[in-house]
Amino acid sequence: MKYLNLKILIFTFLINSIIYAKQNAYIDNWEFESRENINRVYEDSLKLISSTLLEDYNLYEIGPLEIDSEGNLIFFDFSNTFRIAYVPDGDLDEMLFFGNGKGKGPSEFGKPFDLKFDDDGSIWLADVENYKIQKWSSKGDLIFEFKTPKYVRPSKIDYDEKTKEIIILSEQYTPSGVLYVFDENGDLKNAFQKPIEKETRSVLYFESEIVSTGSDFILAGAVKPFLRYYSNDGNLIYSKGIVGFENPEKILSREGRVTSRNKDLVRAVVDLQYSNGIVYAGISNKKNERWIRFLDKYKPNNGEYIASLELKLPAKYFAISENKLFVIEYNWNDEKTYLSEYLFE
C-alpha cells in the first residue's frame, strides 16, 4: 500500500507537470541590471498627521497594510482575533473584523500571507496554508473562494483593474514557475516565470511582493534585490536591481547545498505600492534587518530611479493613496508599534 500511494503521488505530479507545461512557462535565471553604485537622492516631503499606538486596540502583530481609493485600510490581525481588520477612513475607533478565525472551512484562515483591494472595494486574500483565494465584500461577507492548483501555495496577490484578473506569487516552486494569473471566477489563465537557480525555487527564501500597474505588473525582491516588470501575458520587459541594496551572499547548508531552511538564513522584508503613476518600493536593504527605512520611487515603464523618501521611524508595511502615506512603524524609544499617517507636502 505504501508503494502504491507513492506511485499515485508521482503520477499525480507528472500529470500536473504536463498541464502546467501547456501554460506560458519559460526558464529564467533571474538576472538583473545592477544599481549598487547609484546613491539615493532624498526628498523631505513627509508631514506627520497622526500616530496611534496599536496595543491600545489589542493589535500586536498585524499586516500587510493596504488602502483603497476611499481611504479605507485593511490588514490582518495575527495576534488577537486572527481575522481581517477593516478600518473605515483609517480610523481605528471604527475598526471592523471579518471572518471566523483560524481553520480550514469557509470564512476561516490558515496562513493569510497577503490581501489587496480591487477597484470595487472588495478584498482579495491569499491563504498559503489552505491553498485558497478568498474574495470578501467591504461589509464583511465572504463572496466566494477557490482552491489553487496542487502545489501552488499563494503567498502574494494583486488585482489587475484593467483585465479583471488576479495575479498570485506561489511560495512553492512548480514545473510551470511561480507566477499565476486567474480570472475572477478562479479559472487559471496563465502560469510563467520558471526559476532555474536552486536558491530562487523557494520564493519564501528571497521574499517578494507584486503590484499591478493597471494593465501589467511589477515583481520586487528583497534578498534577491530586483525590480522586474512583466506584461500581463508573462513577457519580461526589464529586470533591474534595487538602488543602494546590500547584496547578500548565497546561504549554504552544512552539506554545501543552497537552502531556505538554514537558521543563519538572510532575511529581509519588502513592500510595494503603485500610486499616481509611480512605483514605491520599501525594502530592508541590510542583511538580517526586518525594517523598511526608505521608500524608493521608480518609473514603472522603464524602472528608472526617481528619488527616495527617508521614513521617520523604521516601518514594516506601508500604504499610499493620493497624497497620504500610512505606515506600520516601530518606535525604538518606547519599543511600541504605531499606525501613523503622513501627508506628502
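Scroll up for the structure.
This report concerns the structure included in the present document. This is a predicted model, so every value here is computed, not measured.

Procedures and definitions
Residues numbered from 1 in each chain as written. Predicted model: local features only at pLDDT ≥ 70, side-chain atom pairs only at ≥ 80, totals over all residues. Heavy atoms only, no water. Helix = DSSP H or I, 4+ residues; strand = E, 2+ residues; numbered from the N terminus. Buried < 20%, exposed > 50% of the residue type's maximum accessible area, 1.4 Å probe, protein only. Contact = heavy atoms within 4.5 Å. Areas by Shrake-Rupley, 256 points an atom, 1.4 Å probe, with all protein chains shown as cover. Polar contact = N/O pair within 3.5 Å; in protein donor to acceptor, adjacent residues only side chain to side chain. Core = buried A, V, L, I, M, F, W, Y, C linked by side-chain atoms within 4.5 Å. Salt bridge = Lys/Arg side-chain N within 4 Å of Asp/Glu carboxyl O. Pairing = 2+ DSSP bridges. Axes fitted to C-alpha atoms, helices over the stretch in contact; angles between N-to-C directions. Phe/Tyr/Trp six-rings, centres within 6.5 Å; stacked < 30°, edge-to-face > 60°. Lys NZ or Arg CZ within 6 Å of the ring centre and 35° of its normal.

**Focus on the overall build of the chain**
The number of helices and strands found in the chain is two helices and 26 strands. The proportion of buried residues among the 345 residues of the chain is 56%. Restricting the contact set of the chain to residue pairs at least 6 apart, pairs at least 24 apart contribute 48%. Accessible surface, the chain as shown: approximately 15,900 Å² in total, 47% of it carbon and sulfur.

**Comments concerning the side chain of Lys116**
Tracing the backbone shows Lys116 in strand β8 (residues 112-117). Within the local environment of Lys116, its side chain forms a polar contact with the backbone oxygen of Ile157, the two atoms lying 2.8 Å apart. For Lys116, the side chain forms a polar contact with the main-chain oxygen of Ile210, separated by 3.3 Å.

**Some points on the nonpolar core**
Formed by 16 residues in total, the largest nonpolar core has its most connected members in Leu65, Phe75, Leu92 and Leu339. Among the secondary structure elements, those contributing two or more residues to this core are β4 (62-67), β5 (73-77), β6 (83-87), β24 (305-321) and β25 (324-331). The biggest single contributor to this core is β4, with three residues. Apart from the residues within four sequence positions on either side, Leu65 is in contact with Leu73, Ile74, Phe75, Gln273, Tyr317, Phe318, Ala319, Phe326, Val327, Ile328 and Leu339.

**Quick notes on the pattern of salt bridges**
Under the defined criterion, the tally for this structure stands at 12 salt bridges. Residue Lys116 pairs with Glu209 through a salt bridge whose shortest N-O separation is 3.7 Å. Of the two residues, Lys116 sits in strand β8 while Glu209 sits in strand β17 (residues 208-212), which places them 93 residues apart along the sequence. No difference in accessibility class separates Lys116 from Glu209, as the two residues are buried.

**Remarks on the sheet that holds strand β12 (residues 154-160)**
Taken together, the four strands give an open sheet; going across it, the order is β12-β13-β14-β15, and neighbouring strands pair in antiparallel fashion. A single partner strand is all that each edge strand has here, and the edge strands are β12 and β15 (188-192). The sheet shows a mean angle of 20 degrees between the axes of neighbouring strands, direction not considered. Bridge count between β12 and strand β13 (residues 165-174): six bridges; the pairing is antiparallel. Looking at the pairing, Asp158 lines up with Ile167 of β13.

**What about the packing of aromatic side chains?**
What the rule picks out here adds up to 20 aromatic pairs. Seen in terms of ring centroids, Trp291 and Trp332 are 6.3 Å apart; in terms of plane orientation they differ by 70 degrees. Their pairing is edge-to-face. A residue pair is termed long-range when its members are at least 10 positions apart, and Trp291 in the loop between β22 (278-283) and β23 (292-298) and Trp332 in the loop between β25 and β26 (336-344) qualify at 41 residues. Taken together through their ring pairs, the aromatic side chains of Phe76, Phe78, Phe82, Phe109 and Trp136 make up a single cluster. Positioned over the ring face of Tyr238 is Lys240, at 5.5 Å from the centre of the ring.

**Regarding the pairing of strand β9 (residues 123-127)**
With five of five residues buried, β9 is to be regarded as a mostly interior element. With burial as the criterion, each face of β9 is covered, one bearing Ile123, Leu125 and Asp127 and the other bearing Trp124 and Ala126. Note: β8 against β9, five bridges, orientation antiparallel. Note that in β9 the partner of Pro112 across the bridge is Asp127. Here β8 folds back onto β9 in antiparallel fashion, the turn holding five residues, of which Gly121 has a positive phi close to 90 degrees. With five bridges connecting them, β9 and strand β10 (residues 132-136) associate as antiparallel partners. Within β10, the residue paired with Leu125 across the bridge is Gln134. What sits between the antiparallel neighbours β9 and β10 is a turn of four residues, in which Tyr131 has the positive phi angle 55 degrees.

**Digging into unusual backbone geometry**
Negative phi characterises most residues that are not glycine, and trans characterises most peptide bonds. That bond from Gly63 to Pro64 is cis: its omega, -15 degrees, falls within 30 degrees of zero. Topologically, Pro64 is positioned in strand β4. Positive phi, close to 55 degrees, is recorded for Asp89, a residue that is not glycine. Position of Asp89 relative to the elements: it lies in the loop between β6 and β7 (96-98). Backbone geometry places Ser107, a non-glycine residue, at a positive phi of 65 degrees. Residue position: Ser107 is located in the loop between β7 and β8.

**Some remarks on the environment of Glu94**
Structurally, Glu94 is set in the loop between β6 and β7. Exposure remark for Glu94: the relative accessible area of 46% places this residue in the partly exposed category. Those residues in contact with Glu94 that sit more than four places away from it in its chain are Tyr86 and Pro88.

**Points about the pairing of β17**
In terms of burial, β17 is largely enclosed, as five of its five residues are buried. The side-chain alternation of β17 yields two buried faces, one formed by Ser208, Ile210 and Ser212 and the other by Glu209 and Val211. For β17 and strand β18 (residues 217-221), the ladder comprises five bridges, and the chain directions are antiparallel. Across the sheet, residue Val211 finds its bridge partner in β18, namely Ile218. From the end of β17 to the start of β18, which pair antiparallel, there are four residues, and Gly214 there has a positive phi angle of about 105 degrees.

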